Amino acid sequence: YQRRVRGKKGQKVAEKRADRDSSEGVVVAKINDANTRGVVFSLNCETDFVAKNDSYVELANELGDIAINFDSKEAFLAADFKGMTVEEKLVEQTGVIGEKLEIGGFEVLEAAFIGAYVHGNKIGALTGLSEATDNAEEVAKAVSMQVASMGATTLSYKDFDPEFVASETEARIAEIEK
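Rules and cut-offs
Residues numbered from 1 in each chain as written. Predicted model: local features only at pLDDT ≥ 70, side-chain atom pairs only at ≥ 80, totals over all residues. Heavy atoms only, no water. Core = buried A, V, L, I, M, F, W, Y, C linked by side-chain atoms within 4.5 Å. Buried < 20%, exposed > 50% of the residue type's maximum accessible area, 1.4 Å probe, protein only. Helix = DSSP H or I, 4+ residues; strand = E, 2+ residues; numbered from the N terminus. Contact = heavy atoms within 4.5 Å. Pairing = 2+ DSSP bridges. Axes fitted to C-alpha atoms, helices over the stretch in contact; angles between N-to-C directions. Expected span 1.5 Å × (residues − 1). Arc of directions from axis to C-beta. Polar contact = N/O pair within 3.5 Å; in protein donor to acceptor, adjacent residues only side chain to side chain.

Quick notes on the nonpolar core
- By size, the foremost hydrophobic cluster in this structure holds 25 residues, and its most contacted members are F41, L43, Y56, L63, F76 and V86.
- No other element matches the seven residues that helix α3 (residues 54-67) contributes to this core.
- The contacts of L43, once residues within four sequence positions are left out, are E24, G25, V26, Y56, L59, A60, L63, L90, E102 and I103.

Written as structure tokens, this is what we have:
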């Protein structure tokens, strides 16, 4: 009965707050036991006050344990979370907390070895290596840290704008020729 009441309250609060901006939150990165699959996502809320709350961070990590098993945000939202869907849990928690909660970004990466880094629960990166070497964990974490600190704009070298590549190449050649 209590869950049903909280769910209805959550729905009412969620409807009232649907147009609110949920730009704060927690970034979570989870990797499977074989280090071959990783997921990074954000559990968004309205204020940093909520985002820093221990129970909110705990909820985000519990969601991460579920998220690692899904390929899309939609499938993840439909997944079971202790007898309700993840989406229903977010609605319920919206009623409890009083802020709009939603899953923001959701990315999955698979490779021979996956490493991750999350900086201050705000910025996260996954790195996939083509081979699981002896120092793969250290390398993948270091690359993920660099990606997080540099604010990468692409997920693959293939995604770079050809004009950008040409201008950067020209600049490097000019620097070498000096």
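Moving on from the coordinates now.
Side note on unusual backbone geometry
- In the Ramachandran plot, K82 falls in the positive-phi region, its phi being about 50° despite a non-glycine side chain.
- By the secondary structure assignment, K82 is in the loop between β3 (80-81) and β4 (84-85).
- The backbone of N121 sits at a positive phi, close to 60°, despite the residue not being glycine.
- Tracing the sequence through the fold places N121 in the loop between β6 (113-119) and β7 (123-129).

A few points about the sheet that holds strand β2 (residues 37-45)
- In space, the three strands of this open sheet follow the order β1-β2-β5, with antiparallel pairing throughout. Looking at the sheet topology across the chains shown, the edges are occupied by β1 (24-31) and β5 (102-110). Recorded for the sheet is a direction-independent mean angle of 10° between the axes of neighbouring strands.
- Here seven bridges tie β2 to β5, and the two strands are oriented antiparallel to one another. The residue bridging V40 from the neighbouring strand is E107, located in β5.
- Set on the sheet, α3 makes contact with β1, β2 and β5; between it and β2 the angle comes to about 145°.

Re helix α6 (residues 136-150)
- The end-to-end C-alpha separation of α6 is 21 Å, in line with the 21 Å expected for 15 residues at 1.5 Å each.
- Regarding α6, the residues found buried are A136, A140, S144 and A148. The buried residues of α6 occupy an angular sector of 95° when the element is viewed end-on, so they sit on one face. Relative to its buried face, α6 has exposed residues pointing more than 90 degrees away, namely E138, S149 and M150.
- Check the buried side of α6 and you find it contacts β6 and β7.
- Positioned one or two residues after α6, G151 has a phi angle of 65°, which is positive.

Observations concerning the environment of S144
- Along the chain, the position of S144 falls in helix α6.
- Expressed as a C-alpha distance, the spacing of S144 and G128, which sit 16 residues apart in the sequence, is 9.2 Å.
- In contact with S144, not counting residues within four places along its chain, are G115, A116, Y117, A125, L126 and T127.
- For S144, the side chain forms a polar contact with the main-chain oxygen of G115, separated by 3.5 Å.

Function cannot be read off these values alone, since they describe shape.
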